[in-house]
Amino acid sequence: MNYIFGVIGGQSAGPQPTGAETVQKLCDRVASSTLLEDRRDAVRALKSLSKKYRLEVGTKAMEHLLHILRTDSSDTEILGYALDTLYNIVCNDEEEEPEENHQKQEDDMGVQFTDKFIQEPDNVTLLLTLLEEFDFHVRWPGVKLLTALLKNQCAQAQGIILVSPMGVSRLMDLLADSREVIRNDGLLLLQQLTKGNAAIQKIVAFENAFERLLDIITEEGSSDGGIVVEDCLLLLLNLLKNNSSNQNFFKEGSYIQRMKPWFEVGDDNSGWSAQKVTNLHLMLQLVRVMVSPVNSPGGTSSCQKAMFQCGLLQQLCTILMATGVPADILTETINTVSEVIRGSDVNQDYFASVNAPSNPPRPAIVVLLMSMVNERQPFVLRCAVLYCFQCFLYKNHKGQGEIVSTLLPSTIDANSISAGQLLCGGLFSSDSLSNWCAAVALAHALQDNLTQKEQLLRVQLATSLGKPPVSLLQQCTNILSQGSRVQTKVGLLMLLCTWICNCPIAVMHFLHNQDNVPFLTGQISENLGEDERLVQGLCALLLGICIYYNDNSLENYTKEKLKQLIEKRIGKENFVEKLGFVTKHELYSRAAQKPQPAFSAPEHMLFDHEFTKLVKELEGVITKAVLKSSEEEKKEEEVKKTIEQHDSIVTQYKELIREQDSQLKEMKEQMASLMLQNETLQNTTTQQLSQIQQHKDQYNILKLKLGKDNQQTGSQVDGAHVNGLQLEELSQLREQLEDLHRENQSLQTQLTEKDNVITSLKAEGVPSAEGSTSENTEILRQVEKLKAQLQSQTAEITQLQTERQELIGRYETRATVPVTGEDSGYSEKIAELESRLSTQNTETQKLKEEVKALLESKESMEKELASSTSTVAILQAEKNKLQKEVQDSKKEQDELLMLLADQDQKILSLKQKLEELGETIEDEDDLDTKDQFDEDDDDDEEEEDEEDDDE
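Residues numbered from 1 in each chain as written. Predicted model: local features only at pLDDT ≥ 70, side-chain atom pairs only at ≥ 80, totals over all residues. Heavy atoms only, no water.

How would you explain the overall build of the protein chain if you had to name every residue and give the values?
Helix and strand counts for the protein chain come out as 40 helices and four strands. Expressed as a percentage of its 951 residues, the buried residues of the protein chain come to 42%. Here the analysis covers contacts within the protein chain between residues at least 6 apart in sequence; of these, 72% occur between residues at least 24 apart. With the model as given, the accessible surface of the protein chain reaches about 52300 Å², and the carbon-plus-sulfur share is 51%. (Helix = DSSP H or I, 4+ residues; strand = E, 2+ residues; numbered from the N terminus. Buried < 20%, exposed > 50% of the residue type's maximum accessible area, 1.4 Å probe, protein only. Contact = heavy atoms within 4.5 Å. Areas by Shrake-Rupley, 256 points an atom, 1.4 Å probe, with all protein chains shown as cover.)

Laid out in structure tokens, this is it:
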């Protein structure tokens, strides 16, 4: 104890020990002291020396400090001293501003000690366990130490924390700590933890991080809050940027709606603090992360829809049109609005309806374009307005039409400034940056829109008094030929290439001017400086588009003549080389990376992102079109015609097949309906047979009554009474016979229709039902035979009914006269009719049974076919299994043969060694042969004995 106090507070009389010696003695004290107070004092002394003697303390004391963390975990005071000492060792102090070399050495030292600390993963796990201690003197230095470890060796520390049980969850608990300093340092810790690790980002997000962070932002005053709000926003950016899973979770959790209050800006926008500007800047970046063009299209579209529905887009447009907003916030707001409306029809329509609070009100698009073509505005602001205009026109044919219509003569309003007038003014101004921005903006109004390309050809410009107006296309080429600056030329060439691409009418208008082609060929063929080489490449691209999209309507500038001109004036190889220079330019590669125009200086604004995609698409086809000869083109045209003819033939066959399929489907439906009709007819036949049986019964009753009449010899009164009863029954029989006759006629008509349909189906070759064709044909033949028999039976029934009607008529006439001996003849006829009816009934029953048997045989055959199909499948599976087993057995046999060969080789080598030693060895093969001969001799003797016994 006295020694420690001497080291810390007092001066001894003798020579002073060095720092390394003092640290070594303190480390020995920590390692050897048995009293907790002695160890605590030694660790406190090491803490006080750790900043001045960082290297010594880190080299000699780290192991002792880690041992303290493991063994003295019950004493929070010594734990706090140990954690503070370790923090001082690994932390690179950023408060002081030492020399650059000294700072680099300090950083390297911190990284080395961090490597030593996390070399043993249990040390990080121990630190995570200590963070669960609520005591301030343990938790706060533990948070700072883990943050320093993550700063120095982020990936290694993240990996250890990720695999540690509940590691991330323990760190998330820091956000719920009631002590603000721990909560704030916990935010810094989570910022380091979530950098570049998607797995940890997902875990943190699903630990309810979004809810906690948004609550903290609201509690701290949103955009008016302090540094804590900034830390929360930075952590949110870490969680959402380039992480589609977290973005989807943020959107589905309705957290986008909670962002709207951040952007509620009052009328008084003067005196914004630097912290508020920083906070609002990060908030706008957070909105852009959710709708970035690099996200998946579906996710971006759903976020854009949510932002419109909750009013966030409207709030951003309010900031856009407000006064007094700082320039950098206004620029970032324009960029944010750009990406919120990009590719969204609803958002683009709303943005087109936004008006600036001016008198008279002007559309927001017009106000923004005025800033873009104004050379006194900041460069970054002009780039942001251009990006906003591009996003407004992206996949927006309606918006493109509205912009182009403001240039047409029928819609020009002299009393107001339109977007088209501003673009034309910027296109022909003296500022090259305005020229470039206006040309690119107008090119986006024509992007992938053939209608607007043709409409823009109607635009006429009045250049000066007394001169006739010229077209916009011609004016662009006139400016090109006047020797403008490179930026202006590049902008106009990009506009012309976009304009005439895939538009033969525009190509014809461009070639119609006799000066354009000579100007392009002259530009390409000249040997100019490095800056002009880009202009030459774009001129080559423009001339190549004139060749590729040429419809040969101008005799002097057909495809073939233009290619001959290139070969004579420029040379094909030189042309292709100049064309390839465009894609090799450094600024081309930068512009192709992302849609937003991001340039470090105005002179670097040369390429547009959409134009780079157009160049990539056209370079190959133009090169191929220029290098091809006329014969190759003719061959290609012939091949193309042949392919078109082939395609037309294939299309015709496809249509024919579709028609046949539809006809087949209709025939199957008709067949199904006919089968239903057949069942109905069979039911009708059954009913008819039952009615015939009823008539037969009535006829028998009538016969019995007739026999009774023959035996009666009574009075005339009784005869009249009987005759009255018979007349009533006869009238009923007539009605029933008439009904039966009508039913027979309808049945015959239905049968005839069915026969006609079946005949037509047979003629067209359509199968009548599912199953085997031959079996169905046989069944149809038998069904037709049965139909014929039924028709003949029906005819006989009709004949019997006729004869019965005649008998009834005779009976009626007889009923009025006395009974005579003729009744016996009638009785015989009645008996004959009954026998014939019974015969017909029997035949009908037989036919029904045959039809039923045929249907049952058909069903059984279908069942057998299904069972045989399943049996074949089972046999095939067994066959595959057996083949696999055979292959396995072959493989095993091959292995056994190899083993036997090795064994034989070993035996042979052993025999040779034994022979060399002088041992005599009988060959096992000889012994086996001898034994075999002995067995054969025994068998021969047994056979001879058996023959003797037989004799």
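Tell me what's going on with a negative patch on the surface, and back it up with residues and numbers.
A contiguous patch of negative charge, built from Glu885, Asp888, Glu892, Asp894 and Glu895, is present on the exposed surface. Residue class for glutamate 895 comes out partly exposed when judged on its relative accessible area of 44%. (Patch = residues over 30% accessible without salt bridge, like charges linked within 9 Å, V, L, I, M, F, W, Y side chains within 5 Å. Salt bridge = Lys/Arg side-chain N within 4 Å of Asp/Glu carboxyl O. Lys, Arg positive; Asp, Glu negative; His and termini not counted. Charge placed at Lys NZ, Arg CZ, Asp CG, Glu CD.)

Give a description of the packing of aromatic side chains that names residues and reports values.
Given two aromatic rings, their pairing is described by the distance between the two centres and the angle made by the two planes. Here the structure, examined in full by the defined rule, presents 12 aromatic pairs. Pairwise contacts between aromatic rings join Phe206, Phe210, Phe249, Phe250 and Tyr255 into one cluster. For lysine 144, the ring lying beneath its charged end belongs to tyrosine 87, and the centroid distance is 5.0 Å. Sitting over the ring of tyrosine 394, arginine 342 keeps its end group 3.9 Å from the ring centre. (Phe/Tyr/Trp six-rings, centres within 6.5 Å; stacked < 30°, edge-to-face > 60°. Lys NZ or Arg CZ within 6 Å of the ring centre and 35° of its normal.)

How would you summarise the packing of helix 25 (residues 432-446) against helix 28 (residues 486-500) if you had to cite specific residues and measurements?
Where helix 25 meets helix 28, the closest approach of the two axes is 8 Å, and the angle between their N-to-C directions is 10°. Here helix 25 lies roughly parallel to helix 28, going by the angle between them. Residues Ser432, Leu433, Asn435, Trp436, Ala439, Val440, Leu442, Ala443 and Leu446 of helix 25 lie in contact with helix 28, whose contacting residues are Gln487, Thr488, Val490, Gly491, Leu492, Met494, Leu495, Thr498 and Trp499. Of the residues contributing to the contact of helix 25 with helix 28, the split by class is 12 nonpolar, six polar and no charged. (Axes fitted to C-alpha atoms, helices over the stretch in contact; angles between N-to-C directions. Parallel < 35°, antiparallel > 145°, perpendicular 65-115°, else oblique. Nonpolar A, V, L, I, M, F, W, Y, C, P; charged D, E, K, R; others polar.)

Residues and numbers for helix 16 (residues 274-290), please.
Taking 1.5 Å as the rise per residue, helix 16 with 17 residues should run 24 Å; its terminal C-alpha atoms sit 25 Å apart, in good agreement. Across the 17 residues that make up helix 16, a large majority, 12, are buried. Of the residues making up helix 16, those classed as buried are Lys276, Val277, Asn279, Leu280, Leu282, Met283, Leu284, Leu286, Val287, Arg288, Val289 and Met290. (Expected span 1.5 Å × (residues − 1).)

Residues and numbers for the environment of glutamate 120, please.
With respect to the helices, strands and loops of the structure, glutamate 120 is situated in the loop between helix 6 (100-118) and helix 7 (121-130). Through-space distance from the C-alpha of glutamate 120 to that of isoleucine 160 is 9.8 Å; in sequence the pair is 40 residues apart.

Give me the lowdown on the state of the cysteines, citing residues and values where you can.
This model, assessed by the stated rule, comprises zero disulfides. Cysteine cysteine 501 is unpaired, with the sulfur of cysteine 497 as its nearest cysteine sulfur at 8.3 Å. (Disulfide = S-S within 2.5 Å.)

Can you tell me about the pattern of salt bridges, naming the residues and giving the values?
Pairs can form between side chains of opposite charge whenever their charged atoms are close. Under the definition given, this model contains 19 salt bridges. Note that aspartate 177 and arginine 139 form a salt bridge whose closest N and O atoms lie 2.7 Å from each other. Placement of the pair is aspartate 177 in the loop between helix 10 (167-172) and helix 11 (180-193) and arginine 139 in helix 8 (residues 136-152), with a sequence separation of 38 residues. The buried category is assigned to aspartate 177, whose relative accessible area is 7%. Classification of arginine 139 by relative accessible area gives buried; the value is 9%.

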